[in-house]
Each structure stands twice: as structure tokens, then as C-alpha cells.
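Descriptive structure summary
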Amino acid sequence: MATLKQVAAHAEVSVQTVSNALNAPHRLRPDTLERVNRSIELLNYRPNRNARSLRTSAVELIGYCVPNWPNQTHLVMDQFLHALCAAAERTGRHILLFTAPPGVDGMPVYDDLHARRLVDGFVLSQTETHDPRHGWLKEQKIPFISFGRVWKETTQPGPWVDVDGAAGSAMAVRHLHDAGRRRIAFLSWPKSSGLAEDRLGGWRKACKELGLPTSGLSVRCREDSIAEGARATAELLDADPFLDGIVALSDILALGALRELGHRGLTPGVDVGVTGFDDSPLADVVSPGLTSLRQPMDDIAAELISILTDPDGPPDASTERLLHPELVIRGSSAPG
């Protein structure tokens, strides 16, 4: 197996330049980085992970606990996992997937993984208020970053990357308004969900800016299900026969809205414009296609890995990235 010095000699650069190519590629000129990477590939160089990690405290292997959403179908999880693994592999790292009970009961799993040097850092998701993982990881000086903010806390307990749900909801409202919709409702989740309050706030703010009514035009669903989306849509249509637009907090709720419109003989995109959130695989296969807000999974994953593995040091609590979703327009919101 080739050594670091052999790679440096082959590429005609210093050992430090090879180290930068592996750990801080942004510091190198593109032509230099290309030459070093070509030498690494030709010589089949493989860094010694254990020695390198012990010497530099670098994050080489990254742990990710696969969340469990009881009674929910989370259609974008596969997309996120694929993007996260791909982003890690582009930097010569890998993701170790595992499961753990929520809350304090799951902490022994994190402790065991790190004690056995199976991982050097963690990407967290499904974070909660007063999540015990943050404090424990800080005490152990283990690098971590969260996908998603922690709601209902005055300050964030650690670094994070998230999607601007409020901006996404506002984007959907403006799209429906541009299509001629003037009574645009919102299908939400229970008030206990900070994510729901964020997206609901974006809908409310955009409606206010456009001079659209909001009173009586939002319904909280008891769970994220097609049945609840259909029930909430029925409630809205029964109360307001002039309703002509629906912004749903998720694709699942939006699919419920499409079902109820069909039962009433109303045509989505003609009689009532409907938008979802997440641009899940189902959005492109239903008829008409569901207009939805796509989370930039590749960008999210790249930011998570970049921040977590920054060679200048582990991220601090003030490190944050808020990314914008993209509105993918399909037939469910076509102008009437």
C-alpha cells in the first residue's frame, strides 16, 4: 500500500498538500487538487483511519441514527440517506447507520459507538426540545451537527442545517396567488409541532402581504395521514364553498386533499389549486401531478458533512445554515 510520502512524490507536491487534498480540498487550486487526486487513485492510496483519527481528532466515520416516525410515512428518508452517504463518500468518509431508543434511553448506544471508536462524530435528526444528546455530546467533546432546528428553545443547543419551511409555504401561497387563487387555506399539524408553526407562519405572512384572508382557513390535522388530509379538506370546503387554493404542510396531507376533491367532483388545478411539501416520489405519479416544495437534499447533506468535518475544528453552536426549498410545479396547481 502506498504511503503519504509516495503520493506526494508522485504528484510532485509536499506531504502537507496531499494532507490538504484529503482533509481540506477547498484550500488547494483546482489543478493541484486534480493532480493529487489522480496520484492517490493511481497509487491506490488508502489513509490509515485509526492512526489519522487518533492523531488529529478528525471526523472520519460518521454515525447517524435512523429515526422512527410512529404512525407516519416519511417518504423522503431514502432520498436523505442516499444524499448523506454520497456526500460523506465524496470526502473519503462513510456513514454508519444505527437505531436507538429516543431520549435518555438511547444514550448508551451513542456511548458504545464512540467508546469502541466505531464513529468519530454524529449527524442528528428528529431533534427535540431538551434533547439529551446535545449535552452529552458536548461533555464528551464529540463533534455533531443536526439536520433540523430544535424548536421552542431560546438558543440552539448545537450547530444545524435546515430548510426554510416558512419561506417554502410563502412561495406556495404566492404561486397560487399568481394563478388567480384568492382564498387559500392551510393544512397543518398539531400546535405542538415547531415545524408546523414555522410553515404555518410562512403561509399566514404571505397571505397578509398579498391581502388574502386567513380567518377560518387553516385546519390542524391530528396526524400526517391521507385520511386526515381528506377530513381537513372536507371541513374547509364545507365551511367555505369559495375556497380555491390549499397549501398543505406535507405531501401526505396534500394527497388527502386531492382525494377529497375527487370525491366531490372537483378538479385539482382547475377548481382548487393544491400544493404539498417534500416533493416525495408519490408527487410525480398521482394524477394530476402534485405541485410540491422540494427539499435540496444534496445541498443539505453536503453542508452537514462539510461543517462536521471542517479541518479547522469542530463546529460550534452558532454554526447554522438555512436553505431554501424549490417549488416543483405540476398539474395540481395549474391556473384555473
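Refer to the preceding data block for the structure.
Residues numbered from 1 in each chain as written. Predicted model: local features only at pLDDT ≥ 70, side-chain atom pairs only at ≥ 80, totals over all residues. Heavy atoms only, no water.

Section: the overall build of the protein
Definition in use: Numbering goes from the N terminus for both helices and strands, where a helix is a DSSP run of H or I of at least four residues and a strand is a run of E of at least two. Buried, partly exposed and exposed residues are distinguished by accessible area as a fraction of the type maximum, computed with a 1.4 Å probe on protein chains only: under 20%, between the cut-offs, and over 50%, respectively. Residues count as neighbours in contact if any of their non-hydrogen atoms are within 4.5 Å of one another. With residues, only the protein chains shown are counted as cover, and all accessible areas are computed by Shrake-Rupley using a 1.4 Å probe. Within this scheme the basic residues Lys and Arg register as positive and the acidic residues Asp and Glu register as negative, but His and the chain ends are omitted. Charged groups are reduced to one reference atom each: NZ for lysine, CZ for arginine, CG for aspartic acid, CD for glutamic acid.
What the protein contains, in helices and strands, is twelve helices and twelve strands. Counting only C-alpha atoms, the protein reaches 75 × 45 × 30 Å along its principal axes. Looking at the protein as a whole, 51% of its 336 residues qualify as buried. Long-range contacts, defined here as pairs at least 24 residues apart, represent 66% of the contacts in the protein between residues at least 6 apart. Surface accessibility of the protein: about 16200 Å² in total, with carbon and sulfur atoms responsible for 51%. Charged side chains in the protein number 35 positive and 42 negative. The centres of these two groups are separated by 3 Å.

Let's talk about the sheet that holds strand 2 (residues 94-98)
The test is simple: Strands qualify as paired when DSSP identifies two bridges or more between them. Axes, fitted as lines to C-alpha atoms, cover a helix only where it is in contact. Angles between the N-to-C directions of the axes lie from 0 to 180 degrees.
The sheet built from six strands is open, its strands ordered 2-1-3-4-5-11 with parallel pairing. Strands with a single pairing partner mark the edges of an open sheet, and in this sheet they are strand 2 and strand 11 (320-323). Put simply, the sheet's adjacent strands are angled 20 degrees from each other on average, direction ignored. Summarising the sheet, strand 5 (residues 160-163) and strand 11 pair through four bridges and their orientation is parallel. Within the sheet, the bridge partner assigned to Trp160 lies in strand 11 and is Glu320.

Details of the environment of Arg222
The line we're drawing: Whenever two N or O atoms come within 3.5 Å, that pair is a polar contact, provided that in protein one can donate a hydrogen and the other can accept it, and provided that, for residues adjacent in sequence, both atoms are side-chain atoms.
Along the chain, Arg222 turns up in the loop between strand 7 (218-220) and helix 10 (226-239). Of the residues examined, Arg222 reaches a relative accessible area of 61% and is grouped as exposed. Engagement of the side chain of Arg222 in a polar contact is seen with the side chain of Glu228, the distance being 2.6 Å.

Focus on helix 7 (residues 132-139)
For helix 7, the complete set of buried residues consists of Arg133, His134, Trp136 and Leu137. In this structure, the buried residues of helix 7 make contact with helix 6 (107-115), strand 3 (121-124) and strand 4 (144-147). Taken from the residues just after helix 7, Lys141 is the one with a positive phi, measuring 60 degrees.

A few points about the pattern of salt bridges
Pairing is possible between side chains that carry opposite charge, provided their charged atoms lie close to one another. Let me state the cut-off plainly: Salt bridge, as applied in this entry: a Lys or Arg side-chain nitrogen positioned within 4 Å of an Asp or Glu carboxyl oxygen.
Tallied over the entire structure, the rule returns 19 salt bridges. Glu228 is the salt-bridge partner of Arg222, the closest N and O atoms lying 2.6 Å from each other. By relative accessible area, Glu228 is classed as buried at 6%.

Some points on the sheet that holds strand 7
In spatial order, the strands read 7-6-8-9-10-12; together these six strands make up an open sheet with mixed pairing. Strands at the two margins of the open sheet, each flanked by one partner only, are strand 7 and strand 12 (326-328). Taking each pair of neighbouring strands and ignoring which way they run, the sheet shows an average axis angle of 20 degrees. Helix 10 rests against strand 6 (184-188), strand 7 and strand 8 (245-248) of the sheet, and its axis sits at about 145 degrees to strand 7. Taken strand by strand, helix 11 (residues 251-263) contacts strand 6, strand 8, strand 9 (273-277) and strand 10 (291-294), and its axis lies near 155 degrees from that of strand 9.

Regarding the nonpolar core
Inclusion rule: Residues grouped as a nonpolar core are buried Ala, Val, Leu, Ile, Met, Phe, Trp, Tyr and Cys residues, joined through side-chain atoms within 4.5 Å.
With 39 residues, the main nonpolar core has Val173, Leu187, Trp203, Val247 and Val274 as its most contacted residues. Within the residue set of this core, elements represented by two or more residues are helix 8 (165-178), strand 6, helix 9 (194-209), helix 10, strand 8, helix 11 and strand 9. Residue contributions to this core peak at six residues, all from helix 11. Among all residues touching Val173, those that are not within four sequence positions of it are Ile184, Trp203, Ala206, Cys207, Leu210, Leu212 and Val247. Counting residues in hydrophobic clusters, the runner-up holds 25 residues, among them Ile62, Tyr64, Val123 and Ala301.

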